[in-house]
Amino acid sequence: ANKAIVIGSGIAGLATAARLASKGYQVQVFEASAQPGGKLGLIGDERYRFDSGPSLFTLPQLIDQLIHDCGREPRDYFNYYQKDTACHYFWPDGTFIKAYADKEAFAEEVQSRLQVPAQKLLSYLKRSAFIYRYTEKVFLRRSLHRFKSYLHRDTLASIIRMPRLGLGGSLHRYNHKMLQHPKLVQLFDRFATYNGSDPFQTPGVMSSIPHLEHNIGTFYPKGGMHQIARSIYQLALDLGVEFHFNTKVERILSKNAKAYAVQVGNEIHEADVIISNMDVVPTYRYLMPQEKAPEKTLQQERSSSALIFYWGIKKEFPQLDLHNIFFSADYEQEFKAIFQEQTIGDDPTIYLNISSKEGEGDAPEGCENWFILINAPGNTGQDWDALIPKVRRQVLDKLSASLNVDIESLIEYEDYLDPRRIESRTSSYQGSLYGAGSNDTFSAFLRHPNFSRYLQGLYFCGGSVHPGGGIPLCLMGAEITANLIEEDYAN
Ligand code: FAD
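Scoring rules and cut-offs
- Residues numbered from 1 in each chain as written.
- Predicted model: local features only at pLDDT ≥ 70, side-chain atom pairs only at ≥ 80, totals over all residues.
- Heavy atoms only, no water.
- Near = heavy atom within 4 Å.
- Polar contact = N/O pair within 3.5 Å; in protein donor to acceptor, adjacent residues only side chain to side chain.
- Areas by Shrake-Rupley, 256 points an atom, 1.4 Å probe, with all protein chains shown as cover.
- Helix = DSSP H or I, 4+ residues; strand = E, 2+ residues; numbered from the N terminus.
- Nonpolar A, V, L, I, M, F, W, Y, C, P; charged D, E, K, R; others polar.
- Pairing = 2+ DSSP bridges.
- Axes fitted to C-alpha atoms, helices over the stretch in contact; angles between N-to-C directions.
- Left-handed = near helix turned anticlockwise from the far one by under 90°.
- Contact = heavy atoms within 4.5 Å.
- Core = buried A, V, L, I, M, F, W, Y, C linked by side-chain atoms within 4.5 Å.
- Buried < 20%, exposed > 50% of the residue type's maximum accessible area, 1.4 Å probe, protein only.
- Salt bridge = Lys/Arg side-chain N within 4 Å of Asp/Glu carboxyl O.
- Phe/Tyr/Trp six-rings, centres within 6.5 Å; stacked < 30°, edge-to-face > 60°.
- Lys NZ or Arg CZ within 6 Å of the ring centre and 35° of its normal.
- Domains from an automatic or database assignment.
- Buried area = accessible area lost by both parts, 1.4 Å probe.

**Student:** Help me out: how do you make sense of the site of the ligand in this one?
**Tutor:** Close contacts around the ligand come from 35 residues, with Glu31, Lys39, Gly463, Gly470 and Ile471 the closest. Ile11 places a polar main-chain atom, nitrogen or oxygen, 3.4 Å from an oxygen atom of the ligand. Ile471 has a polar backbone atom sitting 2.8 Å from an oxygen atom of the ligand. Here the ligand has 1000 Å² of accessible area as a free molecule, and 95% of this is covered by the chains. When residues in the shell around the ligand are grouped by element, the largest group, three residues, is from helix α17 (residues 471-488). Grouping the amino acids of the shell around the ligand by side-chain chemistry returns 16 nonpolar, 15 polar and four charged.

**Student:** Quick question: what am I supposed to make of the sheet that holds strand β12 (residues 267-270) here?
**Tutor:** Note: strands within a sheet are paired through backbone hydrogen bonds, in either parallel or antiparallel orientation. Pairing is antiparallel across the open sheet formed by three strands, whose spatial order is β10-β11-β12. Single-partner strands in this sheet number two, and they are β10 (251-255) and β12. Strand-to-strand twist of the sheet, defined as the mean angle between neighbouring strand axes without regard to direction, takes the value 35 degrees. Where strand β11 (residues 258-264) meets β12, four bridges bridge the pair, whose relative direction is antiparallel. Paired with Gln263 across the two strands is Ile268, which belongs to β12.

**Student:** When you look at the packing of helix α5 (residues 118-140) against α17 in this model, what are you seeing that I'm missing?
**Tutor:** If you want to describe how two helices pack, look at the angle between their axes and the distance between the axes. Their axes nearest at 12 Å, the elements α5 and α17 cross at an angle of 35 degrees. α5 and α17 meet at a crossing whose hand is right-handed. Across the interface between the two elements, Tyr132, Glu136 and Leu140 of α5 pack against Leu473, Met476 and Ile480 of α17. Across the contact of α5 with α17, the residue classes break down as five nonpolar, no polar and one charged.

**Student:** Explain the nonpolar core to me, please; I cannot follow it from the model alone.
**Tutor:** Nonpolar side chains in soluble globular proteins tend to end up buried together. Counting residues in each nonpolar core, the largest one holds 109 residues, and the members touching the most others are Val27, Tyr89, Phe188, Ile228, Ile275 and Leu475. Residues within four places of Ile275 in sequence aside, it is in contact with Ala4, Ile5, Val6, Ile7, Thr16, Leu20, Tyr459, Phe460, Cys461, Thr481 and Ile485. Ile354, Ile388, Val395 and Leu403 belong to the second largest nonpolar core, which has 28 residues in total.

**Student:** Help me out: how do you make sense of helix α13 (residues 331-339) in this one?
**Tutor:** Structurally, the α-helix is built with 3.6 residues per turn, so residues lying three or four positions apart point the same way. All of the buried residues in α13 are Tyr331, Glu334, Phe335, Ala337, Ile338 and Phe339. Near the N-terminus of α13, the side chain that reaches the backbone nitrogen of Glu332, with its oxygen 3.3 Å away, is that of Asp330.

**Student:** Which parts of the structure should I look at to understand the pattern of salt bridges?
**Tutor:** Think of it this way: side chains of opposite charge can pair up when their charged atoms draw near. Here the structure, examined in full by the defined rule, presents 22 salt bridges. One salt bridge in this structure joins Asp362 and Arg49, with 2.9 Å as the shortest N-O distance. Of the two residues, Asp362 is situated in the loop between β16 (350-354) and β17 (368-376) and Arg49 in strand β4 (residues 49-51); the sequence distance between them amounts to 313 residues. Here Asp362 matches Arg49 in class, with each residue buried. The shortest N-O distance in the salt bridge between Asp279 and Arg302 comes to 2.7 Å. One end of the pair, Asp279, is in the loop between β13 (273-276) and α11 (280-287); the other, Arg302, is in the loop between α12 (295-298) and β14 (305-313), and 23 residues separate them in sequence. When sorted by exposure, Asp279 lands in the same class as Arg302, which is buried. When salt bridges that share partners are traced, they join Arg392, Arg393, Asp397, Glu408 and Glu414 into one network.

**Student:** Is there a simple way to think about the packing of aromatic side chains in this case?
**Tutor:** Aromatic rings in a pair are described by how distant their centres are and how their planes are angled relative to each other. As enumerated under the stated definition, the model contains 30 aromatic pairs in all. With a centroid separation of 5.8 Å and an interplanar angle of 5 degrees, the aromatic rings of Tyr89 and Phe327 are classed as stacked. Here the residue Tyr89 occupies a position in strand β6 (residues 85-90), and Phe327 occupies one in the loop between β15 (323-326) and α13, the gap between them amounting to 238 residues. Both residues of the pair, Tyr89 and Phe327, count as buried. A centroid spacing of 6.2 Å and a plane angle of 75 degrees characterise the contact between Tyr351 and Phe371, whose relative ring orientation is edge-to-face. Pair noted here: Tyr351 is in strand β16 and Phe371 is in strand β17, with a separation of 20 residues, a long-range link. A relative accessible area of 12% means that Tyr351 is categorised as buried. Clustering of aromatic rings is evident, with ring pairs tying together Tyr48, Phe50, Tyr310, Tyr351, Phe371 and Tyr413. Over the face of the ring belonging to Phe317 we find Lys315, whose NZ or CZ atom lies 5.4 Å from the ring centre.

**Student:** Sorry if this is basic, but what is going on with the domain arrangement of the protein here?
**Tutor:** Buried accessible area, meaning the area lost when the parts come together, often serves as the stated size of an interface. Parsing the protein into structural domains produces domain 1 (3-42 + 57-81 + 223-300 + 434-488), domain 2 (84-217) and domain 3 (305-377 + 380-417). A separation of 25 Å is found between the C-alpha centroids of domain 2 and domain 3. The partner domain 3 presents 16 residues to the 19 residues of domain 2 that form the contact. At the boundary of domain 2 with domain 3, total buried surface from both sides reaches about 1600 Å², with 65% on carbon and sulfur atoms. On inspection of domain 2 and its partner domain 3, the count reaches zero salt bridges. Remark: the boundary between domain 2 and domain 3 carries six residue pairs in polar contact (both at pLDDT 80 or more). When contributions to the side of domain 2 that touches domain 3 are tallied by element, the ones reaching two or more residues are β6 and α8 (182-189). When its residues are assigned to classes, the side of domain 2 that touches domain 3 shows nine nonpolar, seven polar and three charged.

Below, the structure is given as structure tokens:
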């Protein structure tokens, strides 16, 4: 069989490795850290378990499809269930909205809490579905870089703007036009953060994102989010993939414009194809500084990063659910701070995830595991040691006021992740969560391709390349990459 080497075992690296193994490749994965999963990591102690990265799980059928495509039975590897409630939303003035998974119930809740006719929300979601299906077909499911006609900027722009649907401006502008009520607009503006972008800049076409959560649904993986990575790792092992942990690739070696090996310490490992699951920026900068690089693509603005606090809390809060949002009073200012001032403002929106609500023993009896995420700019050398305690104080004050209890005195386990740690632990350039940003229409859809334009035999997968970051897009990308390799090496 042909030999393949995958650099990195993030979700896309794992999925690409499994797919190639099932196509008959002899696959080796080199992973710098001690565990598979990359950003889908674990934090905690014997009492509190935390998923360190992703907490929201949509499109689980992509994992079923992956396992099925590899000739195995999905339920032998992975299980999940659908959530009845998507999210609990809290505003500073005491307004509360429970976003039911069932869209009719959600629309009725919005009608009774905000006096917005239910029909308004239902037609918004109907349009989301239409826009999602369209973008999925045209942009997400194939290597659009191999379809030259799409590359013309004007063609691309006219497709994305879909003038008939009024998608010419920003997501915020579109939401304002469709929904009017400031709280409902803020609720739907938040979906920009699902790809690390700014609702006041990212194009209106991103109004397709709520389709995943409110038309298809949100899910919970049995055993927690890290189990997603563990399941695909097990699948890859069963298909014969060989893993080398604590093994950092230092160079991609090439000869006559063909990538032929990776260097690890003093060892050279040769392969017919090499796939980098490492962020594309450090892949060019550190693994092959001698090669030509697509400078314009590498300079695309990055998606946002995050500051995450992991708190073991010795109390239960029945008013909270798996996903909770405590909105800021001024959303525009919040994003201006992140994307223009490169800092975190004084009143950040708080995302609070509590996986112990799922009753799988992630916290001791009577306690909860709080994962608190604040959107943050990428690491460009800010004084994080000063910023982190300041934000921590703001979060404690805001949650204590909102929940009517002193939160700090309830914390009995604590850890954190910041843009620096995300960058150093997963080699994600600037610690961005989703690779290149989506504020600009072109960078949203014209990310780095899944193959190298300069070196034969070199491919890419993961959040920093086409079609983008987040678990679903990483899985779609892995399929595109594995199929490209199969096509390129057929016969
Ligand atoms: P990564 O997870 O980035 O992993 C890359 C791997 O490559 C790492 O294991 C790294 O150690 C390894 N590596 C790098 N360089 C080398 C080298 N030279 N040699 C060997 N190995 C190397 N997505 C969602 O869908 N839902 C969410 O709710 C969500 N929330 C998030 C919250 C946080 C805090 C974070 C950090 C991310 C979140 N995301 C979410 C985004 C999601 O986690 C990522 O888009 C996705 O996991 C990226 O996967 P990847 O395949 O690109 O690889």
